Amino acid sequence: MTEKTAAGSASETPSPVDGYVGDPAVRAEWDSRYTERQQLWSGRPNGALVAETAGLTPGRVLDVGCGEGADAVWLARQGWDVTALEVSGVALERAAGHARDAGVAVRWVHAALTEAALPRASFDLVSAQYPALLRTPDAAAERALLAAVAPGGVLLLVHHAGMDTHGAHDGGFDPADYVWPSMVAELLDGDWVTEVDEQRPRVMPEGGAGAHHTDDVVLRARRLR
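Residues numbered from 1 in each chain as written. Predicted model: local features only at pLDDT ≥ 70, side-chain atom pairs only at ≥ 80, totals over all residues. Heavy atoms only, no water.

1. Thoughts on the sheet that holds strand β2 (residues 81-86)
Logical step 1: Pairing is mixed in the open sheet, where 7 strands are placed in the order β3-β2-β1-β4-β5-β7-β6. Two strands in the sheet have a free side with no partner beyond their single neighbour: β3 (107-110) and β6 (192-201). Averaged over all pairs of adjacent strands, the angle between their axes in this sheet comes to 15 degrees, without regard to strand direction.
Logical step 2: Those strands touched by helix α5 (residues 140-148) are β1 (60-64), β4 (123-129), β5 (149-160), β6 and β7 (215-223), and its axis lies near 140 degrees from that of β5. (Pairing = 2+ DSSP bridges. Helix = DSSP H or I, 4+ residues; strand = E, 2+ residues; numbered from the N terminus. Axes fitted to C-alpha atoms, helices over the stretch in contact; angles between N-to-C directions. Contact = heavy atoms within 4.5 Å.)

2. A short note on the pattern of salt bridges
Logical step 1: Applying the stated criterion across every chain, the model contains 10 salt bridges.
Logical step 2: A salt bridge links Glu 68 to Arg 94; the nearest nitrogen and oxygen atoms lie 2.7 Å apart. With Glu 68 in the loop between β1 and α3 (70-77) and Arg 94 in helix α4 (residues 89-102), the pair connects residues that are 26 residues apart, well separated along the chain.
Logical step 3: Between Arg 222 and Glu 195 there is a salt bridge, with the nearest N and O atoms lying 2.7 Å from each other. (Salt bridge = Lys/Arg side-chain N within 4 Å of Asp/Glu carboxyl O.)

3. Things to note about the pairing of β2
Logical step 1: Burial runs high along β2: 5 of the 6 residues are buried.
Logical step 2: In terms of strand pairing, β1 meets β2 through 5 bridges, oriented parallel. Across the sheet, Val 61 pairs through a bridge with Val 82, a residue of β2.
Logical step 3: Viewed along the sheet, the connection from β1 through α3 into β2 turns out right-handed.
Logical step 4: With 4 bridges joining them, β2 and β3 adopt parallel strand pairing. Looking at β3, one finds that Leu 85 is bridged to Val 109.
Logical step 5: In this fold, the crossover linking β2 to β3 by way of α4 has right-handed handedness. (Buried < 20%, exposed > 50% of the residue type's maximum accessible area, 1.4 Å probe, protein only. Right-handed = clockwise from strand over helix to strand, strands pointing away.)

4. What to know about the side chain of Asp 216
Logical step 1: Structurally, Asp 216 can be placed in strand β7.
Logical step 2: Take Asp 216: its relative accessible area is 2%, and that puts it in the buried class.
Logical step 3: Among the polar contacts listed, one links the side chain of Asp 216 to the side chain of Tyr 130, at a separation of 2.8 Å.
Logical step 4: Non-local contacts of Asp 216, meaning those with residues more than four positions away in its chain, are made with Ala 48, Tyr 130, Val 158, His 159, His 160, Ala 161, Glu 198, Gln 199, Arg 200 and Arg 202. (Polar contact = N/O pair within 3.5 Å; in protein donor to acceptor, adjacent residues only side chain to side chain.)

5. Section: the nonpolar core
Logical step 1: The biggest cluster of nonpolar side chains holds 26 residues, and the ones touching the most others in it are Leu 75, Trp 80, Val 82, Val 106, Trp 108 and Leu 125.
Logical step 2: Those elements that place two or more of their residues in this core are α2 (47-52), α3, β2, α4 and β5.
Logical step 3: Counting residues per element, this core draws most heavily on α3, which supplies 5 residues.
Logical step 4: In terms of nonpolar packing, the next biggest core, distinct from the first, is built from 24 residues, Phe 123, Val 126, Leu 133 and Leu 219 among them. (Core = buried A, V, L, I, M, F, W, Y, C linked by side-chain atoms within 4.5 Å.)

6. Re the packing of helix α1 (residues 24-35) against α4
In helix packing, the relevant descriptors are the interaxial angle and the interaxial distance, both defined with respect to the helix axes.
Logical step 1: In the contact formed by α1 and α4, the axes pass within 7 Å of each other and the chain directions differ by 55 degrees. Taken as axis vectors, α1 and α4 run oblique relative to one another. Contacts between α1 and α4 involve Arg 27, Asp 31, Tyr 34 and Thr 35 on the former and, on the latter, Gly 89, Val 90, Ala 91 and Arg 94.
Logical step 2: Residues of the contact of α1 with α4, tallied by class, amount to 3 nonpolar, 2 polar and 3 charged. (Parallel < 35°, antiparallel > 145°, perpendicular 65-115°, else oblique. Nonpolar A, V, L, I, M, F, W, Y, C, P; charged D, E, K, R; others polar.)

7. Considerations on the packing of aromatic side chains
In this description, an aromatic ring pair is defined by two values, namely the gap between the centres and the angle between the planes.
Logical step 1: Tallied over the entire structure, the rule returns 1 aromatic pair.
Logical step 2: Geometrically, the ring pair formed by Trp 30 and Tyr 34 is tilted, given 6.4 Å between the ring centres and 45 degrees between the ring planes. Of this pair, Trp 30 and Tyr 34 both sit in helix α1, 4 residues apart, which is roughly one turn of that helix. The same class applies to Trp 30 and to Tyr 34, which are both buried.
Logical step 3: Over the ring of Trp 30 we find Arg 33; its NZ or CZ atom is 4.3 Å from the centre of that ring.
Logical step 4: Taking the ring centre of Phe 123 as reference, the NZ or CZ of Arg 60 above it sits at 4.9 Å. (Phe/Tyr/Trp six-rings, centres within 6.5 Å; stacked < 30°, edge-to-face > 60°. Lys NZ or Arg CZ within 6 Å of the ring centre and 35° of its normal.)

Below, the structure written as structure tokens:
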């Protein structure tokens, strides 16, 4: 998985130990992954995000699974009003530091997406770049993504092509446990129009976990009402 969620307070300087809402085991898992490396991701914005937002007018954006903050910082620099969600307090500390260094303001929210007290239908863009969203029988994560998008706004969901068809890994990762773009696409009704739903070559980052993946699945859908 790459590019790794708001209840509690959304602050300019998040505390990794206060205000988290979600499964403590999930937080602990991701904190452990980030602690193992001084920098987990490339530090550059995701290529699909850069490409798909080129024609959008900056507004309010929700960055789901912001990781170390590369996308959030880039979006803020482009003029977006950024709210960034993440389950890992370790990652949020790094992301907040990167934002301070860049001189941009970001609202940091430390919670799982499905536990987040987000205003419904209020974001002009909801960006989920390679998110590790756990699958549930009631499709809670998928519905949370859709519910956050404002009328006229865009949902942009990007993931690694082919991962959803892999079997369980020895390390414990089972694709059947996670949400994939096709699952979100299945929930789009007459209130939505699909603008992009395709597999394409990935704009490759230099370094960082996940750099070996070569193709993306890109789902971009606009909410009509």
